[in-house]
Amino acid sequence: MAADVDKKTSEAERKTAEKNGLRTPASESRFYRGVWTLMLVCAAPLVAYGIKYYQDTQLLKRHEESIRVLGAEGLFLFSSLDTDHDLYLSPEEFKPVAEKLTGITPSVDVDEEVIQDPNGETLTLEAKMQPLLLDSMTKSKDGFLGVSHSSLSGLRSWKSPAVPSSSFFASQFRVFLPPKNKADVGDTWWVIPSELNIFTGYLPNNRYHPPTPKGKEVLIHSLLSLFHPRPFVKPRFAPQGAVACIRAKNDFYYDIVFRIHAEFQLNDVPNFPFWFTPGQFTGNIVLSKDASHVRYFHLYVPNDRSLNVDMEWLYGASESSNMEVDIGYLPQMELQSTGPSTPSIILDEEGNIIDRRDSSSEPIQFVFEEIHWSSEISREEAARHLEVTFYPFKKVPYFPFPEAFKKAEAEKKLVHSILLWGALDDQSCSGRTLRETVLESSPILALLNQSFISSWSLVKELENMQADVQHPELGEKARLHLEKYSFPVEMIVALPNGTIVHHINANYFLDQTAMKPEEEGATVSFSAGFEDPSTSTYINFLKEGLQKAKEYTAQ
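Residue numbers run consecutively from 1 along every chain, following the written order of its sequence. For this predicted model, a pLDDT threshold of at least 70 governs which residues receive local features, and a threshold of 80 or more governs which side-chain atom pairs are given and counted, while totals over whole chains, interfaces and linings are taken from all residues. Computation of side-chain values covers all heavy atoms of the structure but excludes hydrogens and water.

Named according to an unreviewed UniProt entry, the protein chain is Selenoprotein N originating from Oryzias latipes.

Below you can see the structure in the form of structure tokens.
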């Protein structure tokens, strides 16, 4: 009873205190807890900022100390190993130096899911190569004036494959098998996905040694290492990786066509990096569905174009140093199987060894049945599937220069022509930004498909056409194009007879699309979804070409 009276009195006092604006012990406790919570919330960003400021200050100090101790060129070499840019070398980062000094190269990582059968079939590959033709490079025209001898040392000394021949387990080639959801002829998939795009930018130039390959990269790295000891399975520029397509199949075998984008680092310290980037590696493999047998393998750099390799080399000790760029022709770089994969031992029905292959005896002779496909597409169609996967802008077909004008005349359309010094649809390209932005946008694909016949050409190829007296009409069309060309890329709208009605240089186009909206009165359209300024500008360019073509035909 007394306790109840005390409780009521206490409650009455609390209400009276709150009514008079006074704090009770309970309310004060809540108040202070709120203040402390607020202070902690406000302090957290300040503490985080303080930690970040301290880390940045320490990094700056280490950078200044590195410059003082190593000098600019020494820091450049250090940075080429310091992949995480923390100014410390981990054992993994130091590994290339250890390998160089000791001459011992540890085995690369293997795909954990694949356990090689030591008694499984093996495949022998032969590497063939003809060195790049130096006189195909633009710099050769003035005798490589201004190009230091050390810059080209790695290129000049690379005359033959690093390893002329090597054997592989057939089961290693299971990396080319399709995933479970890709089983039909014409299906494509990423063997090694690209990790770069127009938004992520590109990988650093100041590197000498490739990262350790992992998973499916291991086989690709091993294959390319037959040509040169420093292949980079993932190149600096998009699109990276490897794509495969089922060209043919039956109950037991696949014929897989593939395309790989990779590059080589030809120089080593103390020379500055020299990047050698073939336009593409392509080829095909015929293998059993369980990857126990490989009937045929072929990988090569296509040599059907006048230029097929991009080369870039640095002239300074930092990522922002001057870089030289050139392009050239590589006559041959290929790997080919010497025959089908074969087992090292032959077992009878009871599992007893009845024949064995070793280095001292004659190889076991086999007779292989001919493969008949139950479903297939042409090699050209499979290659087009690969192209579209790598380059969505190829959803619109791009025809060779002569064929484009014939087709435009037959279909009464204009020619949308792109003239450049490197191929538009491989890694030797000088139009990366163009193909990765506007050319693959849906509105432009629709307009090109509706009103134009598209084509792209190398400057060198049109120069050859212009000089060809056997085909004067084609030579005149080439001359008109070359008259309008300015380095590096020129976009052109032409009539079927070759008359140029409109053109724009890539550099000018990029300058225009880089303008701020308030400077140029540019607008962003949402009428058919988001449309960026570069897409709008290119659509306007094409529409202006259509309008000018009407004026020409009216005259």
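(A) Main features of the packing of aromatic side chains. Two rings from Phe, Tyr or Trp (for Trp, the six-membered ring) form a pair when their centres are within 6.5 Å of each other. A pair whose planes differ by under 30 degrees is stacked, one over 60 is edge-to-face, and the rest are tilted. Counted by the stated rule, this structure contains 19 aromatic pairs. Ring plane angle 50° and centroid distance 6.2 Å describe the contact between Phe176 and Phe297, whose orientation is recorded as tilted. Placement of Phe176 in the loop between strand 2 (165-169) and strand 3 (188-192) and of Phe297 in strand 10 (residues 294-300) is noted, with a sequence separation of 121 residues between them. Measuring from centroid to centroid gives 5.4 Å for Tyr538 and Phe541, while their planes differ by 55°, and the two rings are tilted. Taken as a pair, Tyr538 and Phe541 lie in helix 14 (residues 533-554) at a separation of three residues, close to a single helical turn. Whether a charge sits over a ring comes down to the Lys NZ or Arg CZ being within 6 Å of the ring centre and within 35 degrees of the ring normal. Here Arg156 stacks its cationic end above the ring of Phe144, 5.4 Å away from the centre of that ring. Directly above the ring of Phe405 sits Lys477, whose terminal nitrogen or CZ lies 5.7 Å from the centroid. Counting from the N terminus, the helices are DSSP H or I runs at least four residues long and the strands are E runs at least two residues long.

(B) Just helix 9 (residues 442-451), in detail. Three or more residues of helix 9 are buried, namely Ile444, Leu445, Leu447, Leu448 and Ser451. Seen along its axis, helix 9 keeps its buried residues to an arc of 165°; they face one direction. Opposite the buried face of helix 9, at more than 90 degrees from it, the exposed residues are Ser442 and Gln450. Whether two residues are in contact is decided by their heavy atoms, any of which lying within 4.5 Å being enough. Along its buried surface, helix 9 packs onto strand 17 (398-399), strand 18 (414-420), strand 19 (452-458) and helix 14. A 1.4 Å probe rolled over the protein chains alone gives each residue an accessible area, and that area as a share of the maximum for its type sets the label: buried under 20%, exposed over 50%, partly exposed in between. What the arc covers is the set of directions going from the helix axis to the C-beta atoms.

(C) A look at the pairing of strand 1 (residues 122-130). Pairing between strands is defined by DSSP: at least two bridges between the two strands are required. The pairing of strand 1 with strand 2 spans five bridges and is antiparallel. Residue pairing for strand 2: Leu125 is matched across the bridge by Ser166.

(D) A look at the sheet that holds strand 7 (residues 263-265). One open sheet accounts for five strands, arranged 4-7-8-11-12; its pairing is antiparallel. The outermost strands of the open sheet, each flanked by one partner alone, are strand 4 (231-232) and strand 12 (323-328). Looking at chain direction, strand 7 and strand 8 (residues 274-278) are connected through two bridges and run antiparallel. Residue pairing in the sheet places Gln265 in a bridge with Trp275 of strand 8.

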